[in-house]
Amino acid sequence: MSIDKKLTKKQEAFVDLMVYQDYNQTKCAHLAGYENPGVAATRLLSDEQYAHVQEKIRSLKAIQRKKNEITFEGIATKLGEIRDIALADGSYGPAVTAEIARAKLAGLMVDKKELKIHKIDSMSREQLEARLQELLAESNIITGHAEVIEDRASQETKGLKDLTDQESDADFEEIDPDQEE
């Protein structure tokens, strides 16, 4: 059979669904109107009798790939257009973002990230103490001893409590009956 053979309406619908939609082959055949979609899809995609259908799918998919092809020039041009539109609109933030993306694309800017991983379990006690001292120095943390100072109100409250405790103890003093004054 010739590849130049014309497609039927069902075949055209099947080809369009296969190329432009995200369906599996059976679903495409079903939506195209085939009675036995599983069998029809298999035949359309693998039988030599339908080489013209297969070739049409290949050629349209090639056009789609080329249309969606991502190239340096294409991206740079698109980002330039986005920048220009944003500037014309007075949206300076998006314009700067687009220009930064262009610079990164060209390799003029690089995002540098440093990941430090320290395993505390693998450090000796001396290494751990040294690292803690480094962190304290870097963070300007002052270490020392703290002195607790009570304010006057808490001292007065404490004094009253001591007096109350002494009075309570006095209430429970044992009196020796043999001892008289």
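Report follows, based on the coordinates. Since the model is a prediction, treat every value here as computed from it, not as a measurement.

When you go through the protein chain residue by residue, the secondary structure sums to 8 helices and 0 strands. Reading the secondary structure of the protein chain in the N-to-C direction produces α-α-α-α-α-α-α-α. Buried positions account for 17% of the 181 residues belonging to the protein chain. Relative to all contacts within the protein chain whose residues are 6 or more apart in sequence, the contacts with residues 24 or more apart total 40%.

Once that is clear, we can look at the pattern of salt bridges. Under the definition given, this model contains 7 salt bridges. In this structure, Glu-138 engages Arg-131 in a salt bridge whose closest nitrogen and oxygen atoms are separated by 4.0 Å. Looking at Arg-131, the relative accessible area reads 25%, which means it is partly exposed. Among the charged side chains, a salt-bridge network with shared partners connects Arg-83, Asp-84, Glu-99 and Arg-102.

With 14 residues, helix H7 (residues 125-138) extends 20 Å between its outermost C-alpha atoms, agreeing within 8% with the 20 Å of an ideal straight helix rising 1.5 Å per residue. Among the residues trailing H7, Asn-140 stands out with phi positive, at a value near 55 degrees.

For helix H4 (residues 51-67), which comprises 17 residues, the first-to-last C-alpha distance of 24 Å matches the rise-based estimate of 24 Å (1.5 Å per residue) to within 8%. The elements touched by buried residues of H4 are helix H1 (9-20) and helix H3 (37-46).

With that out of the way, let us pick up the packing of H1 against helix H2 (residues 25-32). Interaxial distance between H1 and H2 falls to 8 Å at its minimum, and their mutual angle equals 140 degrees. On the basis of their axis angle, the class for H1 and H2 is oblique. The chirality of how H1 crosses H2 is right-handed. Two secondary-structure elements touch here, H1 through Lys-10, Ala-13, Phe-14, Leu-17 and Met-18 and H2 through Gln-25, Cys-28, Ala-29, Leu-31 and Ala-32. A per-class count over the contact of H1 with H2 returns 8 nonpolar, 1 polar and 1 charged.

Inside soluble globular proteins, nonpolar side chains tend to come together where they are buried. Residues Phe-14, Val-15, Tyr-34, Leu-44, Val-53 and Ile-57 are the most contacted members of the largest nonpolar core, which totals 17 residues. Listed by contribution, the elements that provide at least two residues to this core are H1, H2, H3 and H4. The element that contributes the greatest number of residues to this core is H1, accounting for 5 residues.

Criteria and thresholds
- Residues numbered from 1 in each chain as written.
- Predicted model: local features only at pLDDT ≥ 70, side-chain atom pairs only at ≥ 80, totals over all residues.
- Heavy atoms only, no water.
- Helix = DSSP H or I, 4+ residues; strand = E, 2+ residues; numbered from the N terminus.
- Buried < 20%, exposed > 50% of the residue type's maximum accessible area, 1.4 Å probe, protein only.
- Contact = heavy atoms within 4.5 Å.
- Salt bridge = Lys/Arg side-chain N within 4 Å of Asp/Glu carboxyl O.
- Expected span 1.5 Å × (residues − 1).
- Axes fitted to C-alpha atoms, helices over the stretch in contact; angles between N-to-C directions.
- Parallel < 35°, antiparallel > 145°, perpendicular 65-115°, else oblique.
- Left-handed = near helix turned anticlockwise from the far one by under 90°.
- Nonpolar A, V, L, I, M, F, W, Y, C, P; charged D, E, K, R; others polar.
- Core = buried A, V, L, I, M, F, W, Y, C linked by side-chain atoms within 4.5 Å.

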